[in-house]
Each structure stands twice: as C-alpha cells, then as structure tokens.
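# Coordinate inspection notes
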Amino acid sequence: MKSSVKIGRDNSNDIIINEPSVSRNHAVITKLEDDRYEVKDLGSTNGTFINGKLVIKEFLLPGDQLQVASSYVDWQEAFNRKSKAQSEPTLEDPFSRIRKTIQLGAANDNDLIVDGEFVSQHHARVSLLKDGTYYLEDLGSTNGSFVNGARVSSKNFSKTDNVKLATSDLPPNWFDQPGLRVNFIREHKRLVLFSTSLLVLVLGTFLVYQNRCRWFGKGCTLTAGKMYEANKNAMVYIDHAFYYTLTLNGTKYYVGKNKTFTEQTEANPDPANLLPYSQVSGTGCFINVNGAILTSALVTNPWLNESGHSAMIAEVISSRTLKGLTLKSNVAICGETALLKWIPYGVINNQQNYTEATTRVECQRTDSTPVIIQSVKKQLPPNTGYVMYAYSDKPGKYLYHSDLKYYGSYQIPSPNKMTTDTFYSASDTTNINTVHSLGVPNSLPALANGSPVFNTRGELIGLVHHEKIILLTTFIKQLNN
C-alpha cells in the first residue's frame with residue numbers, strides 16, 4: 001500500500017511551507033511497497049533538490065537532504081509524524097489536563113513575543129499539561145502554526161519537537177517562561193498544609209514520647225535488663241600504683257619498695273630508685289565524650305586512707321632509711337601516682353589494652369578531693385558510652401528519687417580474660433535529696449570503691465566510697481567543670 005506526503009504552500013498539503021519561493025503544490029514523497037521512497041516535483045517554479053541536485057523524479061535514501069526551493073524538509077520525520085497522525089487525530093482536547101498557559105504572537109501584550117514578518121499579532125497559545133507535555137493551539141493566525149513541519153490547529157508536543165509560528169521558531173528556552181513555571185506549593189496549598197501539619201504532629205508526638213519521663217514523669221522506670229544494657233559500656237576497671245610522700249624538716253621523701261627486696265619499705269628523695277609502695281583498684285564510669293572517668297577518692301588519692309598510715313611509718317622506721325623519723329615525729333603524709341591506668345568493659349585484660357590516666361594530687365580529704373580521672377587520650381574508646389545524670393547545683397534541681405537503686409561493680413579481671421561487670425539492685429526508702437551519703441545495703445556483696453549507683457531512670461545518683469554511697473550533690477561541681 002502506498003502512502004505519501006505532500007509539500008507546498010497551500011493549506012491542503014501535509015507539510016506547509018509558507019515561503020514565496022515554494023509553489024502552492026510543490027512536490028510529493030511516496031513510500032513504495034518495497035519500503036523505498038520516491039520524491040516527485042509537481043511542476044514547481046523553483047525546483048526540488050536532493051543533496052543539492054535538481055530532480056524531477058528520484059528515489060530518496062535515508063540520510064538524503066531534501067530541499068524545496070530554498071527550504072529544507074525533514075522528510076523522514078514527516079513520514080513518522082504522518083504515520084502517527086493516521087492513528088491519532090490532530091485536534092485534541094486537553095483542557096481538563098492544563099496547568100499553565102501563555103499566549104504567543106507579535107503584539108506586545110502577549111506573554112511571549114515572537115518576532116517574524118508572518119507572525120500574527122495574537123498567533124497561538126501554548127499550555128503546560130499535567131503529564132509534563134505541552135499543547136499548541138492556533139488562534140486563527142494568517143500563516144498558521146506548525147509542529148515538525150505539519151500545520152496544525154491544535155497539537156500535543158514536547159520540548160524536543162520543532163514548533164514554528166508561521167516561519168519563525170519559538171525562542172530558545174521558551175518553556176522557561178514564568179507563565180509556564182510550576183509552583184508546587186501554590187498549586188497544592190491544601191496538600192502542603194495537610195502534609196506539614198501531619199509532619200508536625202508526628203514529630204511532636206515523637207518528641208513528647210522521647211521526653212515523657214523528663215517532662216511528665218511517665219515511662220521512666222527501667223527494668224534491670226535495660227538498666228544494665230544502658231550502662232554496661234560506660235564501666236571501667238581502674239588500677240592505681242602509688243608512692244607515699246613524707247615531708248620531714250622541710251625535705252620531701254618518697255616511700256616505696258626496694259627494687260631488689262620488694263618486701264622492704266624504704267624512703268628516698270628520688271622515686272626513680274623505688275618501686276611503688278602499693279596499688280589499689282576500683283571501679284569507675286565514663287561521664288563525658290572526653291574520656292573523663294568518675295570514681296572514688298580512695299582510687300584517685302589512695303594515700304588519703306589514714307588506716308594504713310601507721311603501718312607505713314613503722315615500716316620506714318624499721319628500714320632506717322629516714323633518720324630522725326619516729327612515731328611521734330611531726331611529719332606530713334601525702335602521696336603521688338606511679339601509674340594510673342584503666343581498662344573498659346568487655347576488653348581482654350592484658351597490659352597492652354590498658355590506658356593511662358592522670359589525677360590531681362590532694363593531701364587532705366575534703367569535699368573537693370577529686371573523684372575524676374582523665375584519660376590521657378581524652379576521648380571515649382570505641383564501643384563505649386557514658387552515663388547520664390540529671391542534676392545540677394542550681395536551686396530547685398534535685399536528684400530523681402526512687403526506692404530501688406542499681407549498683408554497677410566490676411569483677412576483678414583475671415589476666416588474659418575478658419573484663420566483665422555485675423549489676424545489683426537493692427531498695428532503700430531514704431530520700432536522697434535530704435542526705436549526702438547512704439550506707440550500702442548489707443544484702444549486697446562488698447562493692448569496689450567507685451562503683452556507680454543509679455536510680456530506676458538509669459540516671460547516675462552517686463558512687464560507692466568506703467562502703468557508703470556518696471551522692472552527686474557532694475561533687476556535682478567537679479562534674480560541671
């Protein structure tokens with residue numbers, strides 16, 4: 001079956017070229033049964049050309065350049081469009097799908113002014129449809145509107161199609177005209193308002209749920225299991241080797257063990273000549289991201305434990321390394337760290353896994369005696385966390401009181417074994433906001449100095465020191481600093 005495309009200036013043609021040099025019925029292209037194409041000049045005044053060569057009747061091959069008079073024709077595109085047009089009507093009714101519309105023409109009152117000798121004052125309208133395509137509607141112009149060479153009264157098209165008003169192309173980026181831009185918020189005010197309100201409601205509900213304990217006192221209580229999971233990774237085991245120091249008649253001496261006879265206590269002005277006198281161990285917990293560890297003053301400054309002073313003095317006297325020292329001597333006793341180190345929960349207990357720390361030296365026990373040691377790395381190790389505490393020294397701020405309390409304590413780790421901890425629970429009805437310390441319940445085993453104590457919210461309320469719970473109120477300023 002043959003099909004054909006007519007070319008000329010007359011409106012009855014398939015390809016209408018409104019140029020004076022083009023004849024009214026200039027040429028016709030025919031698709032033959034063997035899928036070849038043939039162009040035939042219809043007696044035009046200015047001729048038909050293939051690749052610049054004047055022809056009367058000639059075969060067209062794909063890629064050949066077809067020219068009628070001085071105008072070039074995309075004949076392959078014309079056949080594609082013509083085949084499509086046979087199954088789709090040229091006149092379409094998209095008005096229920098129109099989002100934006102602009103008017104085009106030569107007059108200044110158009111949304112888009114298109115210059116051209118043959119462009120009518122109000123030539124056509126272009127509409128943006130809801131599917132993102134466009135719709136061209138001719139407004140009864142004198143010289144017509146064209147989509148891909150075919151004259152149309154109305155037609156759907158896309159940005160890649162060639163659209164002309166008479167002989168003038170649409171300006172570049174015509175689709176970016178303000179009248180064709182889509183403002184989603186303006187066009188969907190109700191949807192945007194509903195979505196925003198819903199989002200605010202969801203976020204508000206989530207925020208209230210997350211803070212229900214702090215704001216309303218609801219959902220605060222943690223089970224023993226959740227309490228343990230929330231705080232186990234904040235626990236550390238601490239080992240502190242130290243020297244005593246004695247100041248006698250204005251001279252400072254270090255007290256430690258003889259490097260050869262390690263059972264022998266000696267005094268020496270230079271600690272390099274001595275081994276540490278003793279060591280203490282205890283428990284602590286991370287309190288911030290900088291690796292600060294909260295523990296007991298008996299761990300940070302073990303020389304403040306007066307129970308061992310008399311025995312230490314007697315040993316120094318026995319060693320005869322400090323002349324003039326007697327049990328009645330006016331001697332100032334203090335101490336210094338030889339090595340302070342710690343290891344976190346869940347790590348193998350060997351020397352390479354310990355981290356050093358520092359502490360401030362105090363020679364007299366007061367409320368300001370430090371209970372915080374600082375990791376020299378000044379950061380949290382991987383897979384660790386820090387405890388929560390919800391208390392300050394501002395008026396009206398109190399520790400949350402719950403009768404049930406949780407106690408976290410390290411089990412002294414065996415060499416090359418993974419460090420573990422244990423949580424205990426016990427009840428005590430004393431209001432913790434009316435006292436500075438509480439006794440550790442007799443029902444519990446002996447707890448290491450520095451063991452943290454929590455309320456049922458999982459908040460830190462104090463730590464164990466000499467079989468007592470020293471509450472946060474005693475050293476809150478240290479935490480805040």
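Residues numbered from 1 in each chain as written. Predicted model: local features only at pLDDT ≥ 70, side-chain atom pairs only at ≥ 80, totals over all residues. Heavy atoms only, no water.

### Brief notes about the overall build of the chain
Broken down by element type, the chain carries eight helices and 32 strands. For 481 residues, the compact-globule formula gives about 23 Å, and the C-alpha radius of gyration of the chain, at 47 Å, lies well above that figure. Across its three principal axes, the chain shows a C-alpha extent of roughly 140 × 50 × 45 Å. Taken over 481 residues, the chain has a buried fraction of 43%. Residue pairs in contact within the chain that sit at least 24 positions apart in sequence constitute 55% of those at least 6 positions apart. Both charge centroids of the chain, one from 48 positive and one from 43 negative side chains, sit 7 Å from each other. (Helix = DSSP H or I, 4+ residues; strand = E, 2+ residues; numbered from the N terminus. Rg over C-alpha atoms; globule rule 2.2 N^0.38 Å. Buried < 20%, exposed > 50% of the residue type's maximum accessible area, 1.4 Å probe, protein only. Contact = heavy atoms within 4.5 Å. Lys, Arg positive; Asp, Glu negative; His and termini not counted. Charge placed at Lys NZ, Arg CZ, Asp CG, Glu CD.)

### Things to note about the pairing of strand β4 (residues 37-41)
By the criterion of burial, β4 is predominantly enclosed, with four of the five residues buried. Two strands pair when backbone bridges link them, and strand β3 (residues 27-31) and β4 are joined in this way by five bridges, in the antiparallel orientation. Bridge pairing in β4 places K31 opposite Y37. Taking the residues that link successive antiparallel strands as the turn, the β3-β4 hairpin has five residues, and the phi of D35 there is positive, at about 65 degrees. As paired elements, β4 and strand β7 (residues 57-60) share four bridges and run antiparallel to each other. (Pairing = 2+ DSSP bridges.)

### Some details on the side chain of N258
Residue placement: N258 occurs in the loop between β20 (251-257) and β21 (265-268). Of note is the side chain of N258, whose polar atom sits 2.9 Å from the backbone nitrogen of F261. In contact with N258, other than residues within four places in its own chain, are Q264, E266 and L275. (Polar contact = N/O pair within 3.5 Å; in protein donor to acceptor, adjacent residues only side chain to side chain.)

### A closer look at the sheet that holds strand β10 (residues 98-105)
If you trace the five strands from one edge of the open sheet to the other, you get β11-β10-β12-β13-β16, paired in mixed fashion. The open sheet has two edge strands with one neighbour each: β11 (112-113) and β16 (154-157). Pairing geometry for strand β13 (residues 134-138) and β16, over four bridges, is antiparallel. In the sheet register, Y134 faces β16, and the bridge partner there is F157.

### Quick word on the sheet that holds strand β28 (residues 421-427)
Spatially, β28-β27-β30-β31-β32-β29 is the arrangement adopted by the six strands of the open sheet, whose pairing is antiparallel. Strand pairing shows two members of the sheet lacking a second neighbour, β28 and β29 (437-439), which therefore form its edges. Neighbour to neighbour, the strand axes of the sheet diverge by 30 degrees on average, direction disregarded. Inspection of the sheet shows β29 paired to strand β32 (residues 468-471) by three bridges, in the antiparallel sense. Within the sheet, the bridge partner assigned to G439 lies in β32 and is K468. Sheet strands touched by helix α5 (residues 224-231): β27 (404-410), β28 and β30 (452-454). Its angle to β28, the strand with the most contacts, is close to 135 degrees. (Axes fitted to C-alpha atoms, helices over the stretch in contact; angles between N-to-C directions.)

### Some words on the confidence of the model for the chain
Within the chain, residue pLDDT values average 87, and 94% of them lie at 70 or more. Taken as a whole, residues 83-93 scores under 50 in pLDDT and shows nine contacts with residues more than four places along the chain or in a different chain. (pLDDT = per-residue confidence, 0-100.)

### Notes on the state of the cysteines
Applying the stated rule across the entire model yields one disulfide. Linked covalently through their sulfurs, C334 and C363 form a disulfide whose S-S length is 2.0 Å. Between C334 and C363, the disulfide has an S-S torsion of -85 degrees and is therefore left-handed. Here C363 lies in the loop between β25 (355-358) and β26 (372-375) and C334 lies in strand β24 (residues 332-344), a separation of 29 residues in the sequence. We classify C334 as buried; its relative accessible area is 7%. Taking the relative accessible area as the measure of exposure, C363 reaches 47% and is therefore partly exposed. (Disulfide = S-S within 2.5 Å.)

### A few points about the environment of K323
Within the element layout of this structure, K323 appears in the loop between α7 (309-319) and β24. Sequence spacing of K323 and L248 is 75 residues, and the spatial spacing of their C-alpha atoms is 9.9 Å.

### A word on the environment of V289
Position of V289 among the secondary structure elements: in the loop between β22 (278-286) and β23 (292-294). For V289 and S3, which are 286 residues apart along the polypeptide, the C-alpha to C-alpha distance reads 81 Å. Residue contacts for V289: discarding those within four places in its chain leaves K378, Q379, L380 and Y386.

### Concerning the pattern of salt bridges
Between side chains of opposite charge, pairing is possible as soon as their charged atoms come close. In the structure shown here, the tally under the stated rule is nine salt bridges. R125 serves as the salt-bridge partner of E137, at 3.3 Å between the closest nitrogen and oxygen. One end of the pair, E137, is in strand β13; the other, R125, is in strand β12 (residues 124-129), and twelve residues separate them in sequence. Notably, a salt bridge pairs D176 with R181, separated by 3.6 Å at the nearest N-O pair. (Salt bridge = Lys/Arg side-chain N within 4 Å of Asp/Glu carboxyl O.)

### Remarks on the pairing of β24
The side chains of a regular strand alternate between both faces of the sheet. Judged from the twelve bridges that link them, strand β19 (residues 235-248) and β24 form a sheet pairing that is antiparallel. Opposite Y237, over in β24, you have I343 as the bridge partner. Two strands pair when backbone bridges link them, and β24 and β25 are joined in this way by two bridges, in the antiparallel orientation. Bridged to W342 within β25 is T355.

### Considering a nonpolar patch on the surface
Nonpolar side chains collect at one region of the surface, where L191, F194, L198, L201 and V202 lie side by side and expose about 490 Å² of accessible area between them. Mapped onto the elements of the fold, L191 is located in helix α3 (residues 189-210). (Patch = residues over 30% accessible without salt bridge, like charges linked within 9 Å, V, L, I, M, F, W, Y side chains within 5 Å. Areas by Shrake-Rupley, 256 points an atom, 1.4 Å probe, with all protein chains shown as cover.)

### Some thoughts on unusual backbone geometry
A positive phi angle, near 50 degrees, is found at K378, a position not held by glycine. As for its position among the elements, K378 is in the loop between β26 and β27. The class of K378 is exposed, set by a relative accessible area of 57%. In this structure, E467 is a non-glycine residue whose phi angle is positive, near 65 degrees. The topology assignment puts E467 in the loop between β31 (460-465) and β32.

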